[in-house]
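Descriptive structure summary
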Amino acid sequence: MKTCLVVDDSKVIRKVARHILETLDFEVREAGDGREALDSCLAATPDVVLLDWNMPVMSGMDFLRALKNSGLEKRPKVVFCTTENGMAYIRAAIEAGADEYVMKPFDRETLESKLQIVGVA
């Protein structure tokens, strides 16, 4: 079974994402901020990370940089999931190591297509 780590400071967003991902046959773990997510990835690397941009403790961008420097053998695919929709944000996320980008609010079809694009659906 494929694994996904949902990283968002909103419990509601994590719950919605978990529900969608479980219908797509993913095993889902959750983290409330980037620090928690990094610890989770180092303990057991997921296939994909659904990552929020704005979070306390460690932002999505800081998490991406830390993940890149973590020395993990196999880096998970990262799909940024945020309300930020400017081209500058999207470019910055991709340059920092994100594989794909999805806008909130998202639905099952949108998320599934993004997961297919990065090769995990």
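Residues numbered from 1 in each chain as written. Predicted model: local features only at pLDDT ≥ 70, side-chain atom pairs only at ≥ 80, totals over all residues. Heavy atoms only, no water.

Attention shifts here to the side chain of Lys114. Mapped onto the elements, Lys114 comes out in helix α5 (residues 108–117). In this structure Lys114 touches Val79, Glu100, Tyr101 and Val102, once residues within four positions along its chain are discounted. (Helix = DSSP H or I, 4+ residues; strand = E, 2+ residues; numbered from the N terminus. Contact = heavy atoms within 4.5 Å.)

Grouped together as the largest cluster of nonpolar side chains are 21 residues, with contacts concentrated most on Leu5, Val7, Val49, Leu51, Phe63, Leu64 and Phe80. Put simply, the parts of the chain that give this core at least two residues each are β1 (2–7), α2 (34–43), β3 (48–51), α3 (60–68), β4 (77–82) and α4 (87–96). Per-element tally for this core: the top contributor is α3, with four residues. Dropping the residues within four chain positions of it, Val7 is found in contact with Ala31, Asp33, Gly34, Ala37, Val49, Leu50, Leu51, Asp52 and Met55. In this structure, Cys4, Val28, Val48 and Leu111 belong to the second largest nonpolar core, which totals 18 residues. (Core = buried A, V, L, I, M, F, W, Y, C linked by side-chain atoms within 4.5 Å. Buried < 20%, exposed > 50% of the residue type's maximum accessible area, 1.4 Å probe, protein only.)

Inspection of the entire model under this criterion finds one cavity of 30 Å³ or more. Taken as a whole, the largest cavity holds about 30 Å³ of empty space. Split by residue class, the lining of the largest cavity holds five nonpolar, no polar and two charged. (1 Å grid on protein atoms, 1.4 Å probe; cavity = no way out; pocket = protein on both sides within 12 Å on 5 of 7 lines; lining within 4 Å. Points joined across faces, edges and corners; volume = space filled by probe spheres on them. Nonpolar A, V, L, I, M, F, W, Y, C, P; charged D, E, K, R; others polar.)

Attention shifts here to the pattern of salt bridges. Taken as a whole and judged by the stated rule, the model has 10 salt bridges. A salt bridge links Asp8 to Lys104; the nearest nitrogen and oxygen atoms lie 2.8 Å apart. Here Asp8 is found in the loop between β1 and α1 (11–23), whereas its partner Lys104 is found in the loop between β5 (100–103) and α5, with 96 residues between them in sequence. Looking at Asp8, the relative accessible area reads 2%, which means it is buried. Under the relative-accessibility criterion, Lys104 is labelled buried at 17%. Residue Lys104 is joined to Asp52 by a salt bridge in which the shortest nitrogen-to-oxygen separation is 3.1 Å. In this pair, Lys104 sits in the loop between β5 and α5 while Asp52 sits in the loop between β3 and α3, placing the two residues 52 residues apart along the sequence. Judged on exposure class, the residue Lys104 and its partner Asp52 are both buried. (Salt bridge = Lys/Arg side-chain N within 4 Å of Asp/Glu carboxyl O.)

All right, on to the UniProt feature "modified residue: 4-aspartylphosphate" (unreviewed entry) in the protein then. Sites flagged by UniProt as "modified residue: 4-aspartylphosphate" (unreviewed entry) map to Asp52. Once residues within four sequence positions are removed from consideration, Asp52 is found in contact with Val7, Asp8, Asp9, Gly60, Phe80, Cys81, Thr82 and Lys104. (UniProt positions renumbered as here; feature names shortened; annotations may be inferred.)

Those places that UniProt annotates as "domain: Response regulatory" (unreviewed entry) correspond, in this numbering, to residues 3–119. The span residues 3–119 is 44% helix and 21% strand, and its two end C-alpha atoms sit 13 Å from each other.

Moving on to the side chain of Lys104. Polar contacts involving the side chain of Lys104 include one to the side chain of Asp52, which spans 3.1 Å. Filtering out sequence-adjacent residues up to four positions away, Lys104 remains in contact with Asp8, Ile13, Asp52, Cys81, Thr82 and Thr83. (Polar contact = N/O pair within 3.5 Å; in protein donor to acceptor, adjacent residues only side chain to side chain.)

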